[in-house]
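# Reading the structure
Spelled out from the first residue to the last, the chains are:
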2 protein chains.
Amino acid sequence: MDDLSEFLSLVKQNVDACLDRLVPGAGIEPTRLHEAIRWSLFAGGKRIRPALVFASGRVFGSPDAKLSATAAAIEMIHTYSLIHDDLPAMDDDDLRRGKPTCHKQFDEATAVLAGDVLQTLAFKAIAEDEVLPADIRVKLICLIASAAGTPDGMVAGQQLDLEAEGGNLTIDQIERIHRSKTGALITASAMAGALIGEASNDELIAIEKYAQSLGLLFQVTDDLLDVTAVTESLGKTAGKDVTSQKATYPKLLGVEGTVNLANELSDKACQALSTISGDTSTLTKLAEMVLNRKR
Amino acid sequence: MDDLSEFLSLVKQNVDACLDRLVPGAGIEPTRLHEAIRWSLFAGGKRIRPALVFASGRVFGSPDAKLSATAAAIEMIHTYSLIHDDLPAMDDDDLRRGKPTCHKQFDEATAVLAGDVLQTLAFKAIAEDEVLPADIRVKLICLIASAAGTPDGMVAGQQLDLEAEGGNLTIDQIERIHRSKTGALITASAMAGALIGEASNDELIAIEKYAQSLGLLFQVTDDLLDVTAVTESLGKTAGKDVTSQKATYPKLLGVEGTVNLANELSDKACQALSTISGDTSTLTKLAEMVLNRKR
């Protein structure tokens, strides 16, 4: 196992144990609600956002114990957004990671409530995390709430994405959607680690730049994977996918142009780290992993 | 205008101004999302929970400026819960306070997101409220998140309520649902004011007892009003309403028994205040108002 795999496996173990502590047991009333939360929370997520909290926090010397609850909280917010995005009124997805989505496995009302309360539990987890000084906790909550909220956060991005469906978007409009819908929480994850590690202002700005490029890279490679997946599994050509309704990078830039953009974003992310004196190698490896990801 | 009406009107003015500052303007992108939030937030709510924050905070000498953001945050959480409760998958209501519900006026996806982001904005509002020390802010967030969450909070109560529909409940089961679904946030409102006013532990316990009785009283009088409304508008007798699907206090205790329970709860609420040396007259008047409410 290489260093990065070992790191990711440790993060997953740490965060899963923390999530298990933070969410009421499946045997506690209302059991259906707690089963639904756990169904989605332990559905095989890659824990990318927690990995960013840990990787960034370690750069500035934070012990892992100070990073766990915040990493778990961000994963809870990410999971709530997936549950709600999958609802019939939103993207209407029956499957996620090969398993029935929350509203399919349980029911729509339970899925709405499971998502709602995951958000509640997330902010509670940070507020009650006594290993952190209170002033750091309120800063983390502000940071994460801005990233999860509106007008520049995740919910705003999902609203813009829903409104954009079927329309022709420019590259700037796509970027605006992705920066808020997925980029903001990814950026907040890396910044949360830096905040906990008490990074300087200049260091925080460097981490923000790194993570903004990484967040966009994540979406660009996601679009590329869609094209690949369609080509391999359905025998459709990339060219056909480009004509589908959803605005994607390959549709606007072509596959080659999108690959070039991905490389540029990865370079930009890594360059942003150059001003930081601590060991940023794990952050660099995470960017390479996203650039070369196969799922 | 009597003292209580004047107080309620001042609270409403104060909280509405604060909400207007905390929520992005309807002209800011994504405009549909912000319009939907404002549609529900300014739909004529009675601002009972903010009134409890202010009334309780004033008992312990807190200036109003320290209470506004927390009062507004609690109202945002209450409003998010109404938007989601009205969804087709939940209570499926087309009207609230005589106006189309959020998903009727806009659409279901926007209503889900408006509710989601109101919760986010609520916790952000407290976390960034610099007139309060950071340690009070994290205590408030813990208090309110517990009350809004699970296993003893609002979302847990809504889940239990949905599961109970059509079934025969005992009085203890009804009380369990109401204590969490509506009681917990009402209790947290009064306790938040006391926390901001830096009440002693004994005073906090007294306020908690007061508000727990008040929260239950609120539901009991709600059930009574349902009976009255049905009798007056549909010509059904209270006896017929008692046979309907939903478990209510009049169904289990009869109308007279329910009126007696309401009086008992109001007495209990007021008695709990007797150990507090500050001026609790507004809290007493609020209990009387709930006991005698006509809507």
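First, a word on scope: everything that follows refers to the structure included in this document. From a predicted model like this one, the values you see are computed outputs, not experimental measurements.

### As for the overall build of chain A
Counting secondary structure elements, chain A contains 13 helices and two strands. For 295 residues, the compact-globule estimate of 2.2 N^0.38 gives 19 Å, and chain A sits close to it at 19 Å. When the backbone C-alpha atoms are referred to their principal axes, chain A occupies close to 55 × 50 × 40 Å. Within chain A, residue pairs in contact and separated by at least 24 positions form 71% of the contacts whose partners lie at least 6 positions apart.

### Regarding the interface of chain A and chain B
Across the boundary between the two partners, chain A contributes 43 residues, which contact 43 residues of chain B. Mapped onto the side of chain A that touches chain B, the elements with two or more residues apiece are α2 (31–41), α6 (108–127), α7 (134–148) and α8 (154–164) of chain A. Element by element, the count of residues in the side of chain A that touches chain B is highest for α6(A), at 13 residues. Counted by class, the side of chain A that touches chain B contains 25 nonpolar, nine polar and nine charged residues.

### Here's the deal with the environment of A:Pro24
Counting through the fold element by element, A:Pro24 comes out in the loop between α1 (3–22) and α2. Residue classification places A:Pro24 among the buried positions, given that 20 C-beta atoms sit within 10 Å. With near-sequence residues (within four places) excluded, A:Pro24 lies in contact with A:His34, B:Thr150 and B:Pro151.

### Looking at the relation of the copies chain A and chain B
Once chain A is rotated about the relating axis by 180° and shifted along it by 0.0 Å, it coincides with chain B to within an RMSD of 0.0 Å. What the rotation and shift describe, once combined, is the action of a two-fold rotation axis. Using C-alpha coordinates, one finds that chain A approaches the rotation axis most closely at A:Ala134, a distance of 2.7 Å. When you check the interface residues of chain A against chain B, 100% turn up at the interface there too, and the contact is symmetric in its surfaces.

### Quick word on the nonpolar core
Counting 196 residues, the largest nonpolar core has A:Ile141, A:Ile144, A:Leu217, B:Ile141, B:Ile144 and B:Leu217 as its most contacted members. With residues near it in sequence (within four places) discarded, A:Ile144 still touches A:Ala73, A:Ile74, A:Ile77, A:Ala188 and A:Ala192.

### Quick look at the environment of B:Val259
Residues and elements named next belong to chain B. Summarising the element assignment, Val259 is placed in helix α12 (residues 249–272). A residue is classified by how many C-beta atoms lie within 10 Å of it, and Val259, with 17 of them, is partly exposed. C-alpha separation for the pair Val259 and Thr221, spaced 38 residues apart in sequence, amounts to 8.1 Å.

### Examining the environment of B:Thr282
All names here are of chain B. Along the chain, Thr282 falls in helix α13 (residues 281–291). Accessibility expressed as a C-beta count within 10 Å gives 18 for Thr282, which makes it partly exposed. Along the sequence, Thr282 and Phe54 sit 228 residues apart, while their C-alpha atoms lie 9.6 Å from each other. Non-local contacts of Thr282, meaning those with residues more than four positions away in its chain, are made with Phe7, Ala55 and Arg58.

### Here we look at the packing of helix α1 (residues 3–22) of chain B against helix α3 (residues 48–59) of chain B
Residue and element names in this part refer to chain B. At their nearest, the axes of α1 and α3 sit 9 Å apart, and the two run at 105° to each other. Classified by the angle their axes make, α1 and α3 are roughly perpendicular. For the pair formed by α1 and α3, the contact residues are Leu8, Val11 and Val15 on the first element and Pro50, Ala51 and Phe54 on the second. Residue composition of the contact of α1 with α3, by class: six nonpolar, no polar and no charged.

### Brief notes about α7(A)
With 15 residues, α7(A) extends 21 Å between its outermost C-alpha atoms, agreeing within 8% with the 21 Å of an ideal straight helix rising 1.5 Å per residue. All of the buried residues in α7(A) are A:Ile136, A:Arg137, A:Val138, A:Lys139, A:Leu140, A:Ile141, A:Leu143, A:Ile144, A:Ala145, A:Ser146, A:Ala147 and A:Ala148. Close packing links the buried residues of α7(A) with α4 (68–85), α6, α8 and α9 (171–196) of chain A together with α6 (108–127) and α7 (134–148) of chain B.

### Examining the packing of α3(B) against helix α9 (residues 171–196) of chain B
Residue and element names in this part refer to chain B. Put simply, α3 and α9 touch, their axes get as near as 7 Å, and they point 30° apart. The angle between the axes of α3 and α9 places the two elements in the roughly parallel class. Like other packed secondary-structure pairs, α3 and α9 cross with a definite hand, here right-handed. Here α3 contributes Arg49, Leu52, Val53, Phe54, Ala55, Ser56 and Gly57 to the contact with α9, which in turn contributes Leu185, Ile186, Ser189, Ala190, Ala192, Gly193, Ala194 and Ile196. Of the residues assigned to the contact of α3 with α9, the class counts are 10 nonpolar, four polar and one charged.

### Concerning unusual backbone geometry
Trans peptide bonds make up most of the peptide bonds, and negative phi angles are found at most residues other than glycine. At the junction of A:Glu29 and A:Pro30, the peptide bond is cis and its omega measures out at -5° in the coordinates. Here A:Thr150 and A:Pro151 are connected by a cis peptide whose omega angle stands at 10°. With a phi angle near 60°, A:Arg47 is a residue other than glycine that sits in the positive phi range. Turning to its location among the elements, A:Arg47 is positioned in the loop between α2 and α3 (48–59). For A:Arg47, a count of 24 C-beta atoms within 10 Å puts it in the buried group. One non-glycine residue with positive phi stands out, namely B:Glu198, at about 55°. Residue position: B:Glu198 is located in the loop between α9 and α10 (201–234).

Each value, and the rule that gives it
Residues numbered from 1 in each chain as written. Chains lettered and ligands numbered in written order. Predicted model: local features only at pLDDT ≥ 70, side-chain atom pairs only at ≥ 80, totals over all residues. Helix = DSSP H or I, 4+ residues; strand = E, 2+ residues; numbered from the N terminus. Rg over C-alpha atoms; globule rule 2.2 N^0.38 Å. Contact = placed C-beta atoms within 7 Å. Nonpolar A, V, L, I, M, F, W, Y, C, P; charged D, E, K, R; others polar. Buried ≥ 20, exposed ≤ 12 C-beta atoms within 10 Å, placed from the backbone. Least-squares fit on C-alpha atoms with pLDDT ≥ 70 in both. Core = buried A, V, L, I, M, F, W, Y, C linked by C-beta atoms within 7 Å. Axes fitted to C-alpha atoms, helices over the stretch in contact; angles between N-to-C directions. Parallel < 35°, antiparallel > 145°, perpendicular 65-115°, else oblique. Expected span 1.5 Å × (residues − 1). Left-handed = near helix turned anticlockwise from the far one by under 90°.

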